[in-house]
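Topology and contacts: notes
So the chains spell out like this:
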Amino acid sequence: MFCYQCEQTAKGEGCMKFGVCGKDPETAALQDLLNYLVKGVSMYAHRARELGKADREVDVFTVQALFTTVTNVNFNPDDIRDEIERGLQMRQKAKNLYEQACREAGQKPEGLDGPAAWLPPDSDSELLEAAENFSIERRQKELGETVTGLQELIFYGLKGSAAYVDHAHALGYENDDIYGDFHDFLNFLAENPTEVEDLVGRVLSAGELNFRVMELLDSAHTETYGHPEPTPVRIHPEEGKAILVSGHDLKDLKDLLEQTEGSGIKVYTHGEMLPAHGYPELNKFDHLAGNYGGAWQNQQKEFDEFPGPILMTTNCLQKPRDSYKNRIFTKNRVGWFGVEHIEDGDFSQLIEAAKEAPGFEEDGGDETILVGFGHNAIEQAAGDIVEAVEGGALRHFFFIGGCDGAKPGRNYYTKLAEQVPEDCAILTAACGKYRFNKKDFGTIGELPRLIDTGQCNDSYSSIQAALTLADAFDCGVNDLPLNLVVSWFEQKAVAILLTLLHLGIEDIRLGPTPPAFVTEDVFGVLQDEFDLKLINSAESDLQEMLNA
Ligand code: SF4
Ligand code: SF3
């Protein structure tokens, strides 16, 4: 196996024997095949679209297949085999569509090869051997590390965006142009492009695509559940039966809240589900009781201690310990071999498990944290913010957020947040916030100094906030008293970073380490064009940012 798509990759170079995440070589090989096959689906779907024909089933398959291979989503080889099977059907469907479109247009269909023509061998062992032909290592040998890395940078950005498309789709929000762009990008990658300039151009367009995707998901969330409002959230449990919900899928949480209403069971958010409390249509449920635990990488200890069942709606799943393997449930694209998967929206199994589990024996403390600063809330506060800046009470903003992870160097983000001077505010999003979100940062006038804009996809809100402020101050985003310090872990963070670069945002500090798939050459280009930097020490970075 060879996989280097996430930050925790072995030795910062690549997982070659077994994934640090827990992905085994069999699953890795099957994922390589699925990644290859999905490009074949898009080769046909893209051409059919050029002739005016699209198929929604093919479109949805494409983004779901990409989401399935995101880090910490699906570790079950049987699920990936099923996905390959479905992929072969979808490729045939897209091929038929393309050929029909050609007939109607009086054109001769192109004879396509590569991912459009690949057929799996008969036996499973040959199937796994076949994956070698499509491995990243093979491409590195043929095309070099820079070109392969750029291809993968685009592909990982698409994977991250695909997750967000799938969340929007779950709420009935879709956009045909977005599907078309996914096929266009995957068709581009299927042709094995080698021109660095073209690849760099595509890197930025993938960021533009992700911006539209985050906008779509923002509409899906806010039109379905209302605009997030500043909301205090309990961080200690209450006595009683309990269910814990993790991941990013708000629809699953809403369905579960409806199905548990009146049962006496309390529902707690975990990890990236925390921002759910800010949405009026979710917060209206009294039994949405609070937030439990921290970021994803602490789950084995936290799930072990949680006295009820756990629902994992999306990434980031870690290997379940035996102590809770029989009370963790996966849904949607998530999977682990031997763990119960909920196929539809019926949570009765989970609810039964909650009734049988002990629940919390007593109430914890009353401490709360504040969430819910979506772009609407920030727009409403814009007047106060401008006044505070112009009056000298508020000197500078720091965006400190992104994906969390296990590396010890990530305490940089805690130190940085702690050292931010008292006349400065911190914007945050995603699970990186757990490094500091339970500390009391106080207020500047009426404004909290820590402004939590939401999940990783709600970086859209942080971007909108920056645009609102730039508008209010009549300047460009790069001229604002704002610095971005971003932590990355997996492909959703890659998609968001590409969006920031596409928007021309300069001087971003990235950590804890550079992605293994971005070679020094490519990082040099990003440094030259966008002044992208790696984090240094919290003290020196803070001084540099404040004195710039
Ligand atoms: Fe390694 Fe990350 Fe790939 Fe898992 S997803 S195999 S940890 S690089
Ligand atoms: Fe990233 Fe898993 Fe935390 Fe959504 S997605 S933020 S790591």
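What you see as residue numbers is a count from 1 along each chain, following the sequence as written. Lettering for chains starts from A, numbering for ligands starts from 1, and both go in the order in which the items are written. In keeping with the model being predicted, local features are shown solely for residues with a pLDDT of at least 70 and side-chain atom pairs are shown and tallied solely at 80 or more, while totals for entire chains, interfaces and linings include all residues. Excluded from the side-chain calculations are hydrogens and water; all other atoms, namely the structure's heavy atoms, are used.

1. So, the layout of surface pockets
In this structure, the largest pocket occupies an estimated 420 Å³ of space. Strands here are runs of E lasting at least two residues and helices are runs of H or I lasting at least four, both read from the DSSP assignment and numbered beginning at the N terminus. If you list the elements that add at least two residues to the lining of the largest pocket, you get helix H1 (25–50), helix H5 (136–143), helix H6 (145–170) and helix H7 (176–190). Here the lining of the largest pocket gets six residues from one element, more than from any other, and that element is H1. Under this grouping Gly is polar, as are all residues other than the nonpolar Ala, Val, Leu, Ile, Met, Phe, Trp, Tyr, Cys and Pro and the charged Asp, Glu, Lys and Arg. Partitioning the lining of the largest pocket into residue classes produces 11 nonpolar, nine polar and eight charged. Definitions used for this entry: grid spacing 1 Å over protein atoms alone; cavity, a set of points where a 1.4 Å probe fits but cannot get out; pocket, an open set with protein on both sides within 12 Å along at least 5 of 7 lines; lining residue, one with an atom within 4 Å of a point. Grid points are joined across faces, edges and corners, and a volume is the space filled by probe spheres set on the points. The calculated volume of the second largest pocket comes to roughly 320 Å³. If you trace the second largest pocket, you find 19 residues lining it, with Thr368, Ile369, Leu370, Lys439 and Asp440 closest to the centre. If you list the elements that add at least two residues to the lining of the second largest pocket, you get strand S8 (368–371) and strand S13 (450–452). No other element matches the four residues that S8 contributes to the lining of the second largest pocket. Classifying every residue of the lining of the second largest pocket by side-chain character gives eight nonpolar, four polar and seven charged.

2. Describing the site of ligand 2
For this purpose, a residue is taken to be near a molecule or strand whenever a single non-hydrogen atom of the residue falls within 4 Å of it. Around ligand 2, the neighbouring residues are His248, Glu272, Trp296, Asn315, Cys316, Cys403, Ala430, Cys431, Cys456, Glu490 and Lys492. Residue composition of the shell around ligand 2, grouped by class: six nonpolar, two polar and three charged. Two domains share the shell around ligand 2, each providing at least three of its residues, namely domain 2 (234–356) and domain 3 (372–547). Residue ranges for the domains originate in an automatic or database domain assignment.

3. Considering unusual backbone geometry
Look at the link from Asn315 to Cys316: it is a cis peptide, with omega at 25 degrees. Of note, the bond from Gly511 into Pro512 is cis; its omega dihedral lies within 30 degrees of zero at 5 degrees. Relative to the helices and strands, Pro512 is located in the loop between strand S15 (509–511) and helix H18 (520–530). A positive phi is found at Ala430, a non-glycine position, where the angle reads about 75 degrees. Summarising the element assignment, Ala430 is placed in the loop between strand S10 (424–428) and strand S11 (443–444). When accessible area is computed with a 1.4 Å probe and restricted to protein chains, residues below 20% of their type maximum are described as buried, those above 50% as exposed, and intermediate ones as partly exposed. Note on Ala430: relative accessible area 2%, which makes it buried. At Asp507, a residue that is not glycine, the phi angle is positive and equals roughly 65 degrees. Topologically, Asp507 is positioned in the loop between helix H17 (491–502) and S15.

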